[in-house]
Amino acid sequence: MPKTPTARSRSIAGLLTAGSLVLALSGCATYDVTAPADARADAPAAAVKEKDARLAADADGKNGDGRDVDCRKAKCVALTFDAGPSENTDRLLDILKKEQVHATFFMLGKNHVDKRPTEVKRIDAEGHELANHTWSHQILTEIDPAEAKRELSRVQDAVHKITGKTPRLMRPPQGRTDGEVSRISKELGLAQVLWSVTAKDYQTNDSALITKRVLEQTERDGIILLHDIYQGTVPAVPGILKELKKRGYTVVTVSQLLSPAKPEPGMVYRP
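Residues numbered from 1 in each chain as written. Predicted model: local features only at pLDDT ≥ 70, side-chain atom pairs only at ≥ 80, totals over all residues. Heavy atoms only, no water.

**Brief notes about the side chain of K51**
The residue K51 is located in helix 2 (residues 45–60) in this model. At 2.8 Å, the side chain of K51 forms a polar contact with the side chain of D68. Setting aside residues up to four positions removed in sequence, K51 forms contacts with D68, V69, D70, R72, S259 and P260. (Helix = DSSP H or I, 4+ residues; strand = E, 2+ residues; numbered from the N terminus. Polar contact = N/O pair within 3.5 Å; in protein donor to acceptor, adjacent residues only side chain to side chain. Contact = heavy atoms within 4.5 Å.)

Next up, the structure:
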């Protein structure tokens, strides 16, 4: 049966659509949800100590890489891209490199990771976060659990073969998850990541409109969802980053947003 909700983590069941996050209790099919700020606040003491040591190293220029961010203090927002890599990804990476911003890439396997290993290697080499968006974008709540597991594990294996690293984060297609998907994710060592900002760039190639939608929705500790497969999205990124920085935001990866907490397999993270 459902767990008793706590102040920082709720056990819920529901349907999460691309357009809205709709939550509905449904018997015992539950899963755990927490917000980035709550995850940070609940981080184990050892993780907090480790984080503070890294920050000190960065500040001193000793053993740090100068990139560590403290989202407990900074006004952070996570930037994420779904469904690539694509023919637009190299251009996007050029922009992110110029702006000194790191993002999380939730990658598709079929016709993306398997067709563009060079882009996958570059995403990793330039310090971005590798993440899983399933092999063929099937809705995980609508297929057999064994098939859902294959959808995720094939990407895990493919990314590891290319980079030597295995993703720790996944985004379920259309944001649809349930207790079974959470169980499978936990088994594969994957935390689930939803979002609070969507430009609905799958509906338009109007870069100005994409920019407007992102900026209207963005708040501290938000997670921005974009797609590097659509033609209007990458041209919108420079303007989005410029305005976010002007508004005092620090743009980070999902794991940076959660730190000092570490992604917990099976957990659903949403602002």
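**Focus: the environment of S136**
Turning to its location among the elements, S136 is positioned in the loop between strand 7 (129–132) and helix 6 (145–163). Separated by 24 residues in the primary sequence, S136 and H112 place their C-alpha atoms 9.5 Å from one another. Here S136 is in contact with K110 and E151, once residues within four sequence places are set aside. Polar contacts involving the side chain of S136 include one to the side chain of E151, which spans 2.7 Å.

**Brief notes about helix 6**
An ideal rise of 1.5 Å per residue puts 27 Å on 19 residues; helix 6 measures up with 27 Å between its terminal C-alpha atoms. By the burial criterion, the buried members of helix 6 are A148, E151, L152, S153, V155, Q156, A158, V159 and T163. Elements that come into contact with the buried residues of helix 6 comprise strand 6 (104–107), helix 4 (109–113), helix 5 (117–125), strand 7, strand 8 (169–170) and helix 7 (179–187). For helix 6, the N-terminal cap is D144; the gap from its side-chain oxygen to the backbone nitrogen of A146 is 2.8 Å. Looking at the residues trailing helix 6, positive phi occurs at G164, about 80°. (Expected span 1.5 Å × (residues − 1). Buried < 20%, exposed > 50% of the residue type's maximum accessible area, 1.4 Å probe, protein only.)

**What about the environment of A83?**
With respect to the secondary-structure elements, A83 resides in the loop between strand 5 (76–82) and helix 3 (89–99). Taking the C-alpha atoms as reference, A83 lies 9.5 Å from V113; in sequence the two are 30 residues apart.

**Let's talk about the nonpolar core**
Within the largest apolar cluster, 34 residues are counted, with the highest numbers of intra-cluster contacts made by L79, F81, L96, F105 and L226. Elements with a contribution of two residues or more to this core: strand 5, helix 3, strand 6, helix 5, helix 6, helix 8 (207–217), strand 11 (222–227) and helix 9 (233–246). Sequence-distant contacts of F105, that is, excluding residues within four places in its chain, are made with F81, T89, L92, L93, L96, I123, H128, E129, L130, A131 and D228. One finds I223, V254, L257 and V268 within the second-largest nonpolar core, a separate group that totals 26 residues. (Core = buried A, V, L, I, M, F, W, Y, C linked by side-chain atoms within 4.5 Å.)

**Some words on the pairing of strand 6**
The side-chain alternation of strand 6 yields two buried faces, one formed by T104 and F106 and the other by F105 and M107. Relative to strand 6, strand 5 runs parallel, the two being bridged by 3 bridges. Counted as the bridge partner of D82 is F106 from strand 6. After leaving strand 5, the chain enters helix 3 and then returns to the sheet as strand 6, a path that is right-handed. Examined bridge by bridge, strand 6 and strand 7 share 4 bridges and lie parallel to one another. Looking at the pairing, F106 lines up with A131 of strand 7. (Pairing = 2+ DSSP bridges. Right-handed = clockwise from strand over helix to strand, strands pointing away.)

**Considering the packing of helix 8 against helix 9**
Between helix 8 and helix 9, the least distance of the axes is 8 Å, while the angle of their chain directions is 40°. Between helix 8 and helix 9, the angle falls in the class oblique. Read as a crossing pair, helix 8 and helix 9 show a hand that is right-handed. Mapping the contact onto sequence places S207, I210, T211, V214 and L215 in helix 8 and T233, P235, A236, G239, I240, E243 and L244 in helix 9. The class makeup of the residues in the contact of helix 8 with helix 9 is 7 nonpolar, 4 polar and 1 charged. (Axes fitted to C-alpha atoms, helices over the stretch in contact; angles between N-to-C directions. Parallel < 35°, antiparallel > 145°, perpendicular 65-115°, else oblique. Left-handed = near helix turned anticlockwise from the far one by under 90°. Nonpolar A, V, L, I, M, F, W, Y, C, P; charged D, E, K, R; others polar.)

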